[in-house]
Every structure is written in C-alpha cells, then in structure tokens.
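Examining the three-dimensional arrangement
Here is what each chain is made of, one letter per residue.
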Amino acid sequence: MIYATAGTLESNDCMITVTQHDQQEILIDSIVKEAFGDQILAVILDVLNQLKVKNIKVHIQDKGALDYTIRARLKTALKRLEDVK
Amino acid sequence: MSTITNGLGRQIPEGMLPYQGSDFFIKKHKRVLIDEVIVGGGHKPVYHQIAEIFDTFEIKDGMTLSFHHHLRNGDSVLNLVLSEIKKRKLKNMILAPSAIFPVHEPMVPLIKQGNVTQIYTNYVNGPVAKAIEEGYLKDLLIMDTHGGRPRAIESGELRIDVAFIAVPTVDHCGHGNGVEGPSACGTLGYAIPDLLYAKKKIVVTDNYVDRVKTIDIDGRYVDAILHVPSIGDPNGIQSGTTKPTRDPIQLKIAKNTAAFIEACGFIKKGFSFQTGAGGTSLAVAQDIKHVMKENKIVGSFASGGITNFLVNMHEEGLFEKLYDVQCFDLEAIKSYQRNKNHLMMSASSYGNPFDKPKVNELDVVVLGATEIDLNFNVNVTTDSFGHLMGGSGGHSDTAFGAKLTIITTNLLKSRLSMVKNKVRTITTPGETVDVLVTERGIAINPRRQDLIHLLKNSSLPIVTIEELLQKAHQITGIPKEMSPIGKIVGVVRYRDGSIIDSIYEVKGV
Amino acid sequence: MRRSLLFIPANSPAMLQNADIFETDGLIFDLEDAISLMEKDAARDLLSEYFESYKLEGVELIIRMNQLDSIYADDDLKRALSWPIDSIMVPKARYQDLVQLEEKLEKLEKKTKWEKKIMLIPIIEQAIALFEVDKIASLDRVSALLLGGEDLATNLEVERTKDAEEILLARQLVIYAAKAYSKDAIDTPFTDVSDKEGLIQDAKHAKRLGMSGKSCIHPIQIDDINTIFSPTEKEIAYAHRVIEAEKEALLNHKGVFSVDGKMVDKPIIERAKKLLEKVKS
C-alpha cells in the first residue's frame, strides 16, 4: 500500500493519511464532527479539486483543526505521496 | 413527557415551577422553615457496622438519604452506604449528596438496576454523570445550587430520612469538627442543613475521641455515631495546592480581568471578593493582590472555597476576614484552626436566597463557564455536546449576589466557540452576569449601562458579545447547530426553587 | 518598535492561530531549530495556508530560515517571497553569505515583482562572526542584529549562565556595530521560562548595555520585556521638551539652548528625535 501522512494529533491540528486508491474515499474522524463535519469534507474536496486529484483515499483524524491547517496537512501529505511513488 | 416553557424560553417538565426571573420568587415567596430536629444532649450510641445503622434506623425502600461533599474525591462514606443498599437489595432509594465525584462510581450499577432511582445534587462529574446522561436514572436528576439546597431542605421540599454526615473527629456526645483527625477536611458548611433538618442524623467518623477541640457539628442534633476505620483518603480530600496558571492565554485573560476590576473602581478599602480554585482564578487573585499591596488596600473579606492563596492574602492583612464554606487544601484547614478571622459559613448563610446570605455582600466574583450565549446566560452544567460535567455549585448564588459578576473563559477551545447563539443548558441566568472576559476581548452586558459608561474611554479591549461571536465564527467557520434530541433526564433548579432548564439524554459513544 | 520578538514554531497550528493575541512587536516564525528535519516541508505548507487565511497587522512578521548552507535554504527563500513577511532572520550569519543573499533576494524580488523590500536580521552566534559584525551591520538590507547566545556559548565551549558574563563582549560588540550603522540590536532569549525575576534582571542588564529589544521563546515573557524596553513616560516627556526647545531656538535664531538647566547639543537632539519616532511607530 502506498501512502503518506502529515500533521499531528495535537490539539488544533489534524493527522491526514492519503493512500493510493482506485476511487475517491474520504474518512473523517473529528472531535467536532457534528458541528464541522460538513465543513471539513468541503475543504478536503476543494483541495483535491484544486490539485486535480480524483482517485485517492483520505483519512483525517481531526483534533479541532481550522480550515487552513486541514488544507496544509492535506497538501503536504499529497506531496509526500508523490515523493514515495 | 409534556413540557412547558419557562421565563427564559426553555422547555421544562410540566408540573414543575418555571423560572421567571432571578429575584421573582425571592420577592414573591416567604421563607418556609420546618422544625429543626433536635435529639438532645448526652452520650450518643456508637456503632461500628453500617449494617447496624440500617437495622437500627430501619432504612428501607424509597427513603431519602443525604451526604455532604467535603471529602470530595477522597470520600468513602457515600460508597459505604451504597454497598449496604446493594447488599440489602433496597429499591427506589433517593440520594441527596451535595456533590458527586468519580470516586462514587459504585453508584452506577445501583442506578442501572433501580436501587437508586432519584438524585438531588449540586455538582456531578465522572462515571455517575455518564450513567445519568445516558438515561439510566429512572426519575429525574434534580440539580440545585449550593444556596438552593439548604432552601430545599429547610422548607421541607427535600425531606431527608437519614443524613449520613462524615465528620473527621467526633466525641461521645456527637460533637464534631472537620479539622482534627487523619481525614481532616476543614469546614463543614454543606453539612449544616442536613444536620438541622433531617429526620435522623448519623455522624460517620474515623476519629472518635473523648473531647473535641472545637465544635462545628453540634451533638444535640445527632442521633448516632458510626465509627469506621476510615472515612476517606486524604489525597483525594485535599485537592492539593493549585498554582496560578502559566498558560499565556489564561494569563492574558487573568490580567484583563484584574485590570477591569480595577478600572471599575472596586479595589478600594473594604473590597470583598470571591473566586474559584482553578489556575485562572488564582492568576486573577494574584494580580489583584499586587494592586492591593501597591495601594495598601485592606479588603473586608474573601469568601467561598478557601485555598492557601487566599489564606496568604488574609495573613498578609489584605482581607480582614475569610468566610469559608469549603477548604480546598491543607493550608486552608490549618488556617481555619489558627486564624480567628477565618470563619466557617453554613451553606445557608453562604447562598440561601431566603436567608441573609454572604453572597449578597460580595463586591466581585470571578467565575468560569463552559458556554455563554448572547444574553449572557451561562452554562456550567454540561459541555457543548450536552455531556453532564458539573453543575452550578455556588455559581448562580454568587452571580446573583455580587455587585460585579465576571465570567472568564477562552473564546475558542479546539475549534468550538464558547460564545454561542444558544447554550446547551442554562445554569445561571444572564441578568445576573455582567462581564465576559476572553483572550480576544471583553464584553459587558448591555444591562449594565453604568459599567459601559464608566469604561467608555478605557484602553481595555471592550467589544460587544455579538462581536465576540462573529470573531469566533470568522476564525472557526460557522458550526452546525447541535441540538438535544433525547428525553429529559434531569432539571437545573435555580436557587429559588424554580426550574431554569432541562438536561437531556446523550447517547453513549 | 522592536522591544520584543517572539519565536513561534512554524509547524504548530495552536501557536500560529494565537499569535495575534500576544502583544509582541514582532513574530518570528521559526523554520529552523523548532522544526525537525522531516517536517520542514509541512511547516512551509502550514505557513503558506496560514498567511492566506490570516492578515496580521501592527506586528513585524519575520521568518527564521534554515542555515544558508543547508538543503532547506533554497526552498525557504522561494516560499518566503510568497509570504507577507517583513524580514528574514538568518542563522549563523557570515558577511560573505549575506552579501550573496542580498543579491539573491534582489533577483527573486524582481522575478516575483515583489513590492516590498525584504529586510534581514542576521543572527550573530559564532565567535568568528563577531570579527566582521560591523561589516554585517553596514549591509543595506540589514535592519537589526540578533545575538544568538546559546549557540555562541557552544561555539566558545563554555557554559551558558544567567549572569551572562561569557557573552558580555559579544553583546557589546553587537550593540556597537548596530549603533554604528543605526540598526537595532536585539538581545538573545532568556531560556528559563519559569524564572520571572531572572528574566527581568537579564533584560534590564541588556537594556543598560544598549540593546533595543529582546527576543523571547515563550509568550509569558512578553509583558516584562515590553515594559523594560519601552521608553518611560519621563523619557518621552523629556524628548518632547527637547524638540520643543529646538523649535523655539530656531525661531529665535538661537544656536545653543538648554533644557532642564542642561545644555542641549546635537547628539541629544538626535536621540530625542529617534525616541519619538520609535514611540510613534
């Protein structure tokens, strides 16, 4: 399995793992899922669109990260995935 | 369950008295007092087994048993009684402990199996809170304030069959105090209403002596003494010395709080003050101490739960008196023993709205919150997810009585704003709350035009509470509203006996 | 004013999003020592997204880049020009390297049509750097010098102490070089975060020697440092009086004048002007 991770499980951060996959799959574990689950999904989809990444598995373990942190961690993870490939 | 709407627009169970305003029933109702239950002088019977107490006093199904929480998370007395209830398979017991801590976990199976079906308390945290919020308690949880509990007891609304009063040292006549003995806990303010009005009073001690040095528990009210090997664990009893916070955000909040108090002109001769025992509260107290020392100000009193920090301020001559309803650490216990102006207050003289409570003499109180809404209504009962994690304690009482009520909290905690459109549970009504201090600004309740006017040229970061909410949403994004969907499992009873809000079921994760 | 500069680890969201709460004059987003080698990329990405979302005003934005001879330096510089930063802090600064860096920045700024001119704050933290510290201070883009006491002590193979005797000469050389070229001299951080008294003593000492400000590693240090390095009410009032007296003297075609009974000459007037400028900023 080819995957890459970025971020931490510290408060206000999130850990994102991206795995090579034949379709798009997004798994969200968040301490504020009820309040911000939709927003987190929207941010992830936006970044994937921006970077024209279609088929990928994204798993986020969120400890209350703001949008900018989610974007950054996802971008870093995707870049690292490229390096691994 | 059918519900009605109360004066704050919250749904409460039909048939209960709806909240109508912070002084509505205080003005409307008269103080109701049932007769004190006096047993008389002389030697009291001593027992060594809890079973003997249950037999002698015929404790049976459906009775109401009460306890105080001065032993905090080191308490063994409530658990001792629970074990006997379990052994005898008693059912439908009503418990009235003034607070419940994680150490009281043995209550959980008794709740689930119906041995305990109703609870009256002022604060609940830990496994028992979890069991209650998940809907296992058959009847409603009734949460009073520290001032409302004595009101309920003295009026007969909460009739206690047997009060189990943990007393660290007791003599042959049932006289006792909380300062001597291996399980010393200091003052016993919360135990007084139970002592006076319960039908039967059992003092439970692990230090039975010939003569006690001081009498805080009057033996004339005592029916019997239960002498056990240990009433509690000192490590859990004394919460240990909390130090002022070192978190830079909390420090900024504390600094602004002290600056606000000073800017309002409160720090002058005769100043009276109360705050909690947490890190931020102590940081505020530290800043105030600094101002008082610099300006050589002598305050009249500090009150509430007493910590070594307040003891130091008293001993340095900054406060003439300490009014103590609860000792948090060893220094406070020692001070109560040696300082003649370190005085105990009963729960009633502390906060009972129908008494002449100390809270009404307070200048300033600094309190916390889990949530606060645009009307300054405060939640200290549940967290934002509806989990039961506290209770008013003295929050509503001091907020009512103090001339200046300040709430301190972070604006943001892990992407959640503490300022909300609507709080999950209202504990303390906004009309008694004056100021909110966060790391991103200070909001003054529009009801306090006098304060707004006084500080209009201040350099303090004063904004409106709407602006704080906006700021928070700007940073976090706008959250989806989280509304309660389960059944009502409990109610928050305001100090005057009316119901200010309901507590809803939260399914276990 | 540069009374206090706070180091913030660039890879910590919790610290980044609270950065605007602390009343510090400058924020140093640290890409060097605070970030592990494996996380340099994550730190840069986080800063990029952070600067997109946050518009910080009224505070100097600085990044501490990685050492110029490291594999990270190039990426740091490339990304730096997409961030709204005012200055770049350069660790283990040496004169020749800085000359080259200035040229590089010139090119990069032209390429990206960057409107601002990025300034440099070299960190003087090697014995050898102290023998060229005047040349370093003279560089066009250098607006301040930071003394790196910890690394310097390591370089000298001595213990770093609270009374700071071992770095006294370094402190003074940094100050003299800075003053010679009208640049700021920023003192090394006081690393014992729990010792408030120690911090105050150290900061007061640094001010007496001539430092214009001090860097800090924990927000709890900011208030004390700002207080110590702020001009006092007395100093500000005096400066105003000097400027007023100068105006009057000029009007009356007087060449020489006195304030508070003491004769005022050019250096005192200059000092007063500088102080009032600082207060205004």
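Residues numbered from 1 in each chain as written. Chains lettered and ligands numbered in written order. Predicted model: local features only at pLDDT ≥ 70, side-chain atom pairs only at ≥ 80, totals over all residues.

1. A look at the overall build of chain C
A count of helices and strands for chain C gives 11 helices and 10 strands. In terms of overall size, chain C behaves like a compact globule, its C-alpha atoms giving a radius of gyration of 20 Å where 281 residues would be expected to give roughly 19 Å. In terms of overall dimensions, chain C has C-alpha extents of about 65 × 45 × 40 Å along its principal axes. Residues counted as buried form 39% of the 281 residues belonging to chain C. (Helix = DSSP H or I, 4+ residues; strand = E, 2+ residues; numbered from the N terminus. Rg over C-alpha atoms; globule rule 2.2 N^0.38 Å. Buried ≥ 20, exposed ≤ 12 C-beta atoms within 10 Å, placed from the backbone.)

2. Brief notes about the overall build of chain B
In terms of regular secondary structure, chain B is built from 16 helices and 28 strands. Projecting the C-alpha coordinates of chain B onto the three principal axes gives extents of approximately 70 × 55 × 40 Å. The 509 residues of chain B split such that 57% are buried. Partitioning the intrachain contacts of chain B with sequence separation of at least 6 by distance along the chain shows that 74% fall at a separation of at least 24. (Contact = placed C-beta atoms within 7 Å.)

3. Things to note about the interface of chain C and chain A
Contact residues are listed per partner, giving 12 residues for chain C and 15 residues for chain A. Every element with two or more residues in the side of chain C that touches chain A is listed here: α1 (13-16) and α2 (40-53) of chain C. Element by element, the count of residues in the side of chain C that touches chain A is highest for α2(C), at nine residues. Along the lines of polarity and charge, the residues of the side of chain C that touches chain A split into five nonpolar, three polar and four charged. (Nonpolar A, V, L, I, M, F, W, Y, C, P; charged D, E, K, R; others polar.)

4. Remarks on the pairing of strand β5 (residues 119-124) of chain C
Remark: a regular strand shows side chains that alternate across the two faces of the sheet. Residue and element names in this part refer to chain C. Counting buried positions along β5 gives five out of six residues, so the element sits mostly inside the fold. Examined bridge by bridge, strand β4 (residues 87-90) and β5 share four bridges and lie parallel to one another. Among the inter-strand pairings, S87 is bridged to a residue of β5, identified as M119. The sheet contact formed by β5 and strand β6 (residues 144-147) spans two bridges and is parallel. Within β6, the position partnered with I123 by the bridge is L146. The β-α-β motif built from β5, the intervening helix α5 (residues 133-138) and the parallel element β6 has right-handed crossover chirality. (Pairing = 2+ DSSP bridges. Right-handed = clockwise from strand over helix to strand, strands pointing away.)

5. Some remarks on the domain arrangement of chain C
Taken domain by domain, chain C holds domain 1 (4-229) and domain 2 (233-280). Domain 1 of chain C and domain 2 of chain C are separated by 33 Å when their C-alpha centres are compared. (Domains from an automatic or database assignment.)

6. Description of the packing of helix α9 (residues 248-263) of chain B against helix α10 (residues 279-294) of chain B
Residues and elements named next belong to chain B. Close contact between α9 and α10 brings their axes to 8 Å; oriented N to C, the two are set at 45 degrees. As judged from the angle between their axes, α9 and α10 are oblique. Crossing handedness for the pair α9 and α10: right-handed. Contact residues: Q250, L251, I253, A254, K255, T257, A258, I261 and E262 in α9; G279, T280, A283, V284, D287, I288 and V291 in α10. (Axes fitted to C-alpha atoms, helices over the stretch in contact; angles between N-to-C directions. Parallel < 35°, antiparallel > 145°, perpendicular 65-115°, else oblique. Left-handed = near helix turned anticlockwise from the far one by under 90°.)

7. Some thoughts on the domain arrangement of chain B
Residue and element names in this part refer to chain B. With domains assigned, chain B is organised as domain 1 (31-237) and domain 2 (248-485). Between domain 1 and domain 2, the C-alpha centre-to-centre distance is 30 Å. Each partner contributes residues to the interface: domain 1 has 28 residues there, and domain 2 has 32 residues. Those elements that place two or more of their residues in the side of domain 1 that touches domain 2 are α5 (127-133), α6 (148-154) and α7 (192-197). In terms of residues, the side of domain 1 that touches domain 2 owes the most to one element, α6, which gives four residues. Partitioned by chemical class, the residues of the side of domain 1 that touches domain 2 number 12 nonpolar, 10 polar and six charged.

8. Some thoughts on the sheet that holds β4(C)
The pairing of strands in a sheet comes from backbone hydrogen bonds and takes either a parallel or an antiparallel form. An order of β1-β2-β3-β4-β5-β6-β7-β8 (chain C) is seen for the eight strands of this closed barrel, with the pairing classed as parallel. Adjacent strand axes in the sheet meet at a mean angle of 25 degrees when their direction is disregarded.

9. Describing the sheet that holds strand β11 (residues 200-205) of chain B
Residues and elements named next belong to chain B. If you trace the 10 strands from one edge of the open sheet to the other, you get β3-β12-β11-β8-β4-β5-β6-β7-β27-β28, paired in mixed fashion. Either end of the sheet is taken by a strand with one partner, and the two such strands are β3 (46-47) and β28 (499-504). Taken together, the four bridges between β11 and strand β12 (residues 224-227) define a ladder with parallel strand orientation. Pairing of I202 across the sheet is with A224, part of β12.

10. Section: the environment of E36(B)
All names here are of chain B. Relative to the elements of secondary structure, E36 occurs in the loop between α1 (24-28) and β3. A count of 11 C-beta atoms within 10 Å places E36 in the exposed class. Spatially, the C-alpha atoms of E36 and N308 are 35 Å apart, while their sequence positions differ by 272 residues. Setting aside anything within four residues of it in sequence, one finds E36 in contact with L196 and Y197.

11. Digging into helix α12 (residues 330-338) of chain B
Residues E331(B), A332(B), I333(B), S335(B) and Y336(B) constitute the buried set of α12(B). Considering only its buried residues, α12(B) is in contact with β14 (299-306), α11 (308-315), β15 (319-327) and β16 (342-344) of chain B.

12. Topic: the pairing of β15(B)
Residues and elements named next belong to chain B. Counting buried positions along β15 yields seven of nine residues, so the element is predominantly enclosed. Both β14 and β15 contribute to a ladder of seven bridges, which runs parallel. Looking across to β15, one finds that G305 is bridged to Q326. On the question of chirality, the crossover connecting β14 to the parallel β15 by way of α11 is right-handed. Regarding topology, α12 serves as the crossover connection from β15 to the parallel β16, and that connection is right-handed.

13. Some points on the nonpolar core
In terms of nonpolar packing, the biggest core is built from 156 residues, with I132(B), F164(B), I165(B), I202(B) and V204(B) touching the most fellow members. With seven residues, the single largest contributor to this core is α9(B). Built from parts of two domains, this core gets at least three residues from each of domain 1 (31-237) and domain 2 (248-485) of chain B. With sequence-adjacent residues up to four places away left out, I165(B) is seen in contact with H68(B), A191(B), D194(B), L195(B), K201(B), I202(B), V203(B), V204(B) and I217(B). Counting 89 residues, the second-largest nonpolar core is a separate cluster that includes A35(A), L66(A), L416(B) and L147(C). (Core = buried A, V, L, I, M, F, W, Y, C linked by C-beta atoms within 7 Å.)

14. A look at unusual backbone geometry
In this structure, N92(B) takes a positive phi of about 55 degrees despite not being glycine. Residue position: N92(B) is located in the loop between α3 (77-87) and β5 (93-97).

15. Side note on the packing of helix α1 (residues 33-50) of chain A against helix α2 (residues 67-84) of chain A
All names here are of chain A. Put simply, α1 and α2 touch, their axes get as near as 10 Å, and they point 40 degrees apart. It follows from the interaxial angle that α1 and α2 lie oblique. When you trace α1 past α2, the crossing you get is right-handed. Residues I40, V43, I44 and V47 of α1 form the contact with α2, whose own contacting residues are D67, I70, R71, L74 and K75. Classifying every residue of the contact of α1 with α2 by side-chain character gives six nonpolar, no polar and three charged.

16. What to know about the environment of I12(B)
Residues and elements named next belong to chain B. Assignment of secondary structure puts I12 in strand β2 (residues 11-13). Separated by 35 residues in sequence, I12 and Y47 place their C-alpha atoms 44 Å apart. Excluding residues within four positions of it along the chain, I12 makes contact with T3, I4, N6, P18, V491, I499 and S502.

17. Some points on the environment of F354(B)
Following the sequence through the fold, F354(B) ends up in the loop between α13 (347-351) and β17 (364-367). Excluding anything up to four places from it in sequence, F354(B) contacts R31(B) and R151(B).

18. Here we look at the confidence of the model for chain C
On average, chain C scores 93 in pLDDT, and the residues at 70 or more come to 99%. Two numbers describe this predicted complex: its pTM, 0.91, and its ipTM, 0.96. (pLDDT = per-residue confidence, 0-100.)

19. Some thoughts on α2(A)
With 18 residues, α2(A) ought to run about 26 Å at 1.5 Å a step, and its terminal C-alpha atoms sit 26 Å apart, in line with that. Of all 18 residues in α2(A), 13 are buried, a share of seventy percent or more. (Expected span 1.5 Å × (residues − 1).)

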